[in-house]
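As a plain string of letters, each chain reads:
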Amino acid sequence: EKSRGQLICSMNFPAPYLKVSEIAILLDSDKAKSHPFIQWFEDFFQMPSNCFNKEMLERFVRINTQEYFMSVVPAGTNKLEILKKSLKDACRSFCFSLETASIALSGVAAETMTQMIWEMSKLTVKGKPIDPSKEKAIFGKEFDSPFLSQGRRLQILNGCELVSNDQFRRLDYIRQSRNDVVH
């Protein structure tokens, strides 16, 4: 991980890693009480553990594996809170089989992450930071303007080498999936 001079928070979203073998524990009301993250799961699902079912927990395990860690860098705005909330809501929607809502909320998270990557990049032109007026001169719009498409933002990040080709491909897949569902 490269910090780029800022605080990096690593998080496995939406929650602590849950193993398939732990599902039975969470479904057993007596054993669930002793699970170290039972309160977190009750808060996440917004229901007591005795209302959990196997299907929703299996769906949760599918989207919350150890391989999907992500790093985000707070940029001094409320974007981190927007990112966390949209990811949590997307994951909760998926666990309740609300795929359309999950995809739409994943799109919000990806757009927010794209804006955060740009903000933390601190790119310069001739040694001067690219401020909103320069963004408008270069891109025709400010980077976080609702009138600059997510596809164009991703092209800018990729062209400036702020994301890898794999990250670009994944973010673009989210963008396309969201557009297919929402439009």
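Owing to the predicted nature of the structure, the values given are computational and were not obtained by experimental measurement.

> What am I meant to see in the pattern of salt bridges here?
Pairs may arise between side chains of opposite charge once their charged atoms sit close together. Across all of its chains, the model carries nine salt bridges by this definition. One salt bridge in this structure joins lysine 54 and glutamate 58, with 3.7 Å as the shortest N-O distance. With lysine 54 and glutamate 58 both in helix α4 (residues 54–63), this residue pair falls four residues apart, about one helical turn. Glutamate 58 gets classed as partly exposed once you look at its relative accessible area, which sits at 35%. Two residues, arginine 175 and aspartate 172, come together in a salt bridge whose shortest N-O distance is 2.7 Å. Pair noted here: arginine 175 and aspartate 172 are both in helix α9 (residues 165–182), with a separation of three residues, about one helical turn. Three or more residues are tied together by salt bridges with common partners; here these are Lys85, Asp89 and Arg92.

> Explain unusual backbone geometry here, please?
One can expect most non-glycine residues to show negative phi and most peptide bonds to be in trans. Within the chain, serine 97 stands out as a residue other than glycine whose phi angle is a positive 65°. Inspection of the secondary structure puts serine 97 in the loop between α5 (79–95) and α6 (99–121). Positive phi values are uncommon outside glycine, yet glutamate 161 reaches one of about 55°. Positionally, glutamate 161 belongs in the loop between α8 (150–159) and α9.

> Sorry if this is basic, but what is going on with the packing of α8 against α9 here?
Any two packed helices are characterised by the angle at which their axes cross and by the distance between the axes. Interhelical geometry of α8 versus α9 gives an angle of 180° and a closest axis separation of 10 Å. Between α8 and α9, the angle is such that the two are roughly antiparallel. Residues Gln150, Gly151, Leu154, Gln155 and Asn158 of α8 lie in contact with α9, whose contacting residues are Asn165, Phe168, Leu171, Asp172 and Arg175. In the contact of α8 with α9, the residues fall into three nonpolar, five polar and two charged.

> Which parts of the structure should I look at to understand the packing of aromatic side chains?
Two aromatic rings, taken as a pair, are described by how far apart their centres are and by the angle between their planes. Scanning all chains against the criterion turns up 12 aromatic pairs. An angle of 85° between the planes, with centres 5.5 Å apart, marks the rings of tryptophan 40 and phenylalanine 41 as edge-to-face. For the pair tryptophan 118 and phenylalanine 139, a centre-to-centre distance of 5.6 Å together with 75° between the ring planes defines the contact as edge-to-face. Of this pair, tryptophan 118 sits in helix α6 while phenylalanine 139 sits in helix α7 (residues 132–139), and the two are 21 residues apart along the sequence. Each member of the pair tryptophan 118 and phenylalanine 139 is classed as buried. Among the aromatic side chains, those forming a connected cluster through ring pairs are Trp40, Phe41, Phe44, Phe45, Phe52, Phe60 and Phe96. Against the face of phenylalanine 44 rests arginine 92, its NZ or CZ located 5.3 Å from the ring centre.

Conventions adopted
Residues numbered from 1 in each chain as written. Predicted model: local features only at pLDDT ≥ 70, side-chain atom pairs only at ≥ 80, totals over all residues. Heavy atoms only, no water. Salt bridge = Lys/Arg side-chain N within 4 Å of Asp/Glu carboxyl O. Helix = DSSP H or I, 4+ residues; strand = E, 2+ residues; numbered from the N terminus. Buried < 20%, exposed > 50% of the residue type's maximum accessible area, 1.4 Å probe, protein only. Axes fitted to C-alpha atoms, helices over the stretch in contact; angles between N-to-C directions. Parallel < 35°, antiparallel > 145°, perpendicular 65-115°, else oblique. Contact = heavy atoms within 4.5 Å. Nonpolar A, V, L, I, M, F, W, Y, C, P; charged D, E, K, R; others polar. Phe/Tyr/Trp six-rings, centres within 6.5 Å; stacked < 30°, edge-to-face > 60°. Lys NZ or Arg CZ within 6 Å of the ring centre and 35° of its normal.

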